[in-house]
Amino acid sequence: MIISVSRRTDIPAFYADWFYNRLRAGYVLVRNPMNLHSVSKVRLTADVVDAFVFWTKNPLPMARRLDELAAYPYYFQFTLTGYGADIEPGVPDKRRVLVPAFKDLAARLGKKRVIWRYDPIFFSKKYSPEYHLTCFEALAAELHNSTERCVISFMDSYRNTKRNAQQLGAVDTGSEELYVFAGQLAKIAVKYGLKLQTCAESMDLTALGITPSSCIDKALLEDICNFKLDVKKDANQRAECCCAASIDIGAYNTCPGGCLYCYANYNAPLVQTNIAAHNKTSPLLSGTLTAQDVVTERKMKSCKIMVDSLF
């Protein structure tokens, strides 16, 4: 199985020690977000984990211990945007900390294994299309030698993000304006030799040279590893999502990052409660098992189809 680390919270940035502890223990406990008393025991041993996919805005806490991942294939999705601390309060300084971190990670892993994400994109009085174009080009100029592609998406009006709409100052943008803006991004990407892709977008931008991407990318994993994968599209994601099936080991309402556009933090008091309940030695990301919890071991097997080398 492919393990997602994680759509629901930034484990590399805030819970790296916990993750490495679970790796050594060989398993993790994950609450079902739709039924919190239903808990899965997910094995993390190399015989059943085909790869890890890490999602983060700051890989530094995890990157210090990458040698502990030597037995596993993996790659990083690294979100690096033009927003300031008013929108991303928990993100370190980008020019001083994160751009160098991106370059260092790519130097260690190779540019295929560090994917730049410039998303989600929304427009406001401060964060206008012109602002984004300037930031995107500045980042492209810095990162183009350290990655092969950039993934974009436009902010969806989730019920959860609407709670912060006033603070975001986001304005409604028509599809025609978004299409024109995407075309301008595409020209910048071509200038810097970057492949521009979208994440779960319903708008067809292929005429602009922008193709749909898979965050959990079967083809990429097959490319960077010496095996094929017998894995299907993830049926639990939106129709527009192209991701391969995976198991996510994160938890909603646990991210200390505090990004105002985040769909995964939707209950501010609960976020603080869950953060306070984190114990890096616990099998759960937050809290402990209760008498009402039912733990079921997840049936897991490797999806690898080994390919014999000609050499």
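Figured I'd write up the structure that's included with this text. (Residues numbered from 1 in each chain as written. Predicted model: local features only at pLDDT ≥ 70, side-chain atom pairs only at ≥ 80, totals over all residues. Heavy atoms only, no water.)

## Examining the sheet that holds strand E11 (residues 247-248)
Then, number 1: Pairing in this open sheet of 8 strands is parallel, and the strands run E9-E8-E7-E6-E5-E4-E1-E11 from one edge to the other. The open sheet has two free edges, formed respectively by strand E9 (211-212) and E11, since each of these has just one partner strand.
Then, number 2: Judged from the 2 bridges that link them, strand E8 (residues 195-198) and E9 form a sheet pairing that is parallel. Bridge assignment links threonine 198 to a residue of E9, and that residue is proline 212.
Then, number 3: Relative to the sheet, helix H5 (residues 129-143) contacts strand E6 (114-121), strand E7 (149-154) and E8, its axis offset from that of E6 by approximately 175°. (Pairing = 2+ DSSP bridges. Helix = DSSP H or I, 4+ residues; strand = E, 2+ residues; numbered from the N terminus. Contact = heavy atoms within 4.5 Å. Axes fitted to C-alpha atoms, helices over the stretch in contact; angles between N-to-C directions.)

## Observations regarding the pairing of strand E3 (residues 35-43)
Then, number 1: The pairing of strand E2 (residues 27-32) with E3 spans 6 bridges and is antiparallel. The residue bridging asparagine 32 from the neighbouring strand is asparagine 35, located in E3.
Then, number 2: The hairpin formed by E2 and E3 contains 2 residues between the paired strands.
Then, number 3: With 4 bridges joining them, E3 and strand E12 (residues 294-297) adopt parallel strand pairing. Its bridge partner being in E12, serine 38 is matched across the sheet by valine 294.

## Focus: the nonpolar core
Then, number 1: Ile3, Phe19, Phe52, Leu66, Leu69 and Trp116 are the most contacted members of the largest nonpolar core, which has 97 residues in total.
Then, number 2: Here leucine 69 is in contact with Phe19, Tyr20, Leu23, Phe52, Phe54 and Tyr74, once residues within four sequence places are set aside. (Core = buried A, V, L, I, M, F, W, Y, C linked by side-chain atoms within 4.5 Å. Buried < 20%, exposed > 50% of the residue type's maximum accessible area, 1.4 Å probe, protein only.)

## Side note on the side chain of serine 146
Then, number 1: Tracing the sequence through the fold places serine 146 in the loop between H5 and E7.
Then, number 2: Looking at serine 146, the relative accessible area reads 8%, which means it is buried.
Then, number 3: Beyond its immediate sequence surroundings of up to four residues, serine 146 is in contact with Phe102, Lys103, Ala106, Lys111 and Val114.

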